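Here is what each chain is made of, one letter per residue.
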2 protein chains.
Amino acid sequence: MGKGKLAVQVAHAAISASEEARMRRPEWLQAWLCEGQAKVVVKVTDLGELMKLKSEAARQRLPHSLVTDRGLTQLPPNTTTCLGIGPAPSVDIDELTGALQLL
Amino acid sequence: MGKGKLAVQVAHAAISASEEARMRRPEWLQAWLCEGQAKVVVKVTDLGELMKLKSEAARQRLPHSLVTDRGLTQLPPNTTTCLGIGPAPSVDIDELTGALQLL
């Protein structure tokens, strides 16, 4: 995946997860926007690890959004590319992703 | 700039420009969200070209947001990294950016 394409996936996750927060935890969204909307991009080793993070985010009721690319350009159709978690208190997000390496 | 850092800049532009649209052109934002929130990342050659695009977006009253990094990690303080334009009708955005190369 080229770096522009990768950036699109991350931006898609950011928008979708923040829309999720708008519905369910608007106070988290507002705090995040006011505090400069910090974002951290980390990597997983495979799809299994990503889906496990998704389950954990759901279990902890954190806003999250899984991104699946339609595959019209660089990827096979319906490739899961990334997962957005938050906005949420950083302590809650760190519990899930704090040990992962920066991309 | 590493690719994770680059993705953060793009995501920041996407969130900020969409917040701008929420205030000023909510109908463009809603249409974009419903249609799958298409995003295209293109490149400019220098800061002058970016600022010219910003002026043109302002002149045409398109939602837009310039991203400046605080420079706490990989970049010098207050480095302008990118510009988000839209959500807006694609014909209006293409007029500004249609000739630029994909990143």
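Here's a quick rundown of the structure.

Each value, and the rule that gives it
- Residues numbered from 1 in each chain as written.
- Chains lettered and ligands numbered in written order.
- Predicted model: local features only at pLDDT ≥ 70, side-chain atom pairs only at ≥ 80, totals over all residues.
- Heavy atoms only, no water.
- Helix = DSSP H or I, 4+ residues; strand = E, 2+ residues; numbered from the N terminus.
- Contact = heavy atoms within 4.5 Å.
- Polar contact = N/O pair within 3.5 Å; in protein donor to acceptor, adjacent residues only side chain to side chain.
- Expected span 1.5 Å × (residues − 1).
- Least-squares fit on C-alpha atoms with pLDDT ≥ 70 in both.
- Core = buried A, V, L, I, M, F, W, Y, C linked by side-chain atoms within 4.5 Å.
- Buried < 20%, exposed > 50% of the residue type's maximum accessible area, 1.4 Å probe, protein only.
- Salt bridge = Lys/Arg side-chain N within 4 Å of Asp/Glu carboxyl O.

Residues and elements named next belong to chain B. Counting through the fold element by element, Arg24 comes out in helix H1 (residues 3–24). Sequence-wise, Arg24 and Gln37 are 13 residues apart; in three dimensions their C-alpha atoms are separated by 17 Å. The residues contacting Arg24, other than those within four sequence positions of it, are Arg61, Leu62 and Pro63. Looking at Arg24, its side chain comes within polar contact range of the side chain of Glu20, at 2.8 Å.

Right, let's talk about helix H3 (residues 47–59) of chain A for a bit. Residues and elements named next belong to chain A. Look at H3: 18 Å from first C-alpha to last across 13 residues, which is about the 18 Å you get at 1.5 Å a residue. Lining the buried residues of H3 we find strand S1 (64–69), strand S2 (79–85) and helix H4 (90–97). The distance from a side-chain oxygen at the start of H3 to the backbone nitrogen of Gly48 is 3.3 Å, and the residue carrying that oxygen is Asp46. Phi turns positive one or two residues past the end of H3, at Arg61, with a value near 55°.

Quick look at the relation of the copies chain A and chain B now. Overlaying chain A with chain B gives an RMSD of 0.0 Å, the required rotation being 180° about an axis along which the chain moves by 0.0 Å. As the rotation angle and translation indicate, the two copies are arranged about a two-fold axis. Both copies share a contact surface, since 100% of the interface residues of chain A are interface residues in chain B too.

A separate point is the side chain of B:Ser65. Following the sequence through the fold, B:Ser65 ends up in strand S1 (residues 64–69). Residues in contact with B:Ser65, not counting those within four places in the same chain, are B:Ala13, B:Ser16, B:Ala17, B:Cys82, B:Leu83 and B:Gly84.

So, on to the nonpolar core. Grouped burial of nonpolar side chains is what soluble globular proteins tend to show. Counting residues in hydrophobic clusters, the biggest one holds 22 residues, and the most contacted among them are A:Ala7, A:Val10, B:Ala7 and B:Val10. The set of elements that each furnish at least two residues to this core consists of helix H1 (3–24) and helix H2 (26–34) of chain A together with H1 and helix H2 (26–34) of chain B. Setting aside residues no more than four positions away along its own chain, A:Ala7 makes contact with B:Leu6, B:Ala7, B:Val10 and B:Val41. If you look at the next biggest cluster of nonpolar residues, it comprises 11 residues, including A:Leu50, A:Leu62, A:Ile85 and A:Leu96.

All names here are of chain A. A cis amide bond, omega 0°, links Gly86 with the succeeding residue Pro87. By the secondary structure assignment, Pro87 is in the loop between S2 and H4. One non-glycine residue, Arg61, lies in positive phi territory at about 55°. Position of Arg61 among the secondary structure elements: in the loop between H3 and S1. The exposure class assigned to Arg61 is exposed, which follows from its relative accessible area of 63%.

Attention now moves to the pattern of salt bridges. All told, the structure shown has 12 salt bridges over all chains when counted by the stated rule. Between A:Arg22 and B:Glu19 there is a salt bridge, with the nearest N and O atoms lying 2.7 Å from each other. Of the two residues, A:Arg22 is situated in helix H1 and B:Glu19 in helix H1; the pairing between them involves two chains. Several salt bridges converge on common partners, so that one network encompasses A:Glu19, A:Arg22, B:Glu19 and B:Arg22.

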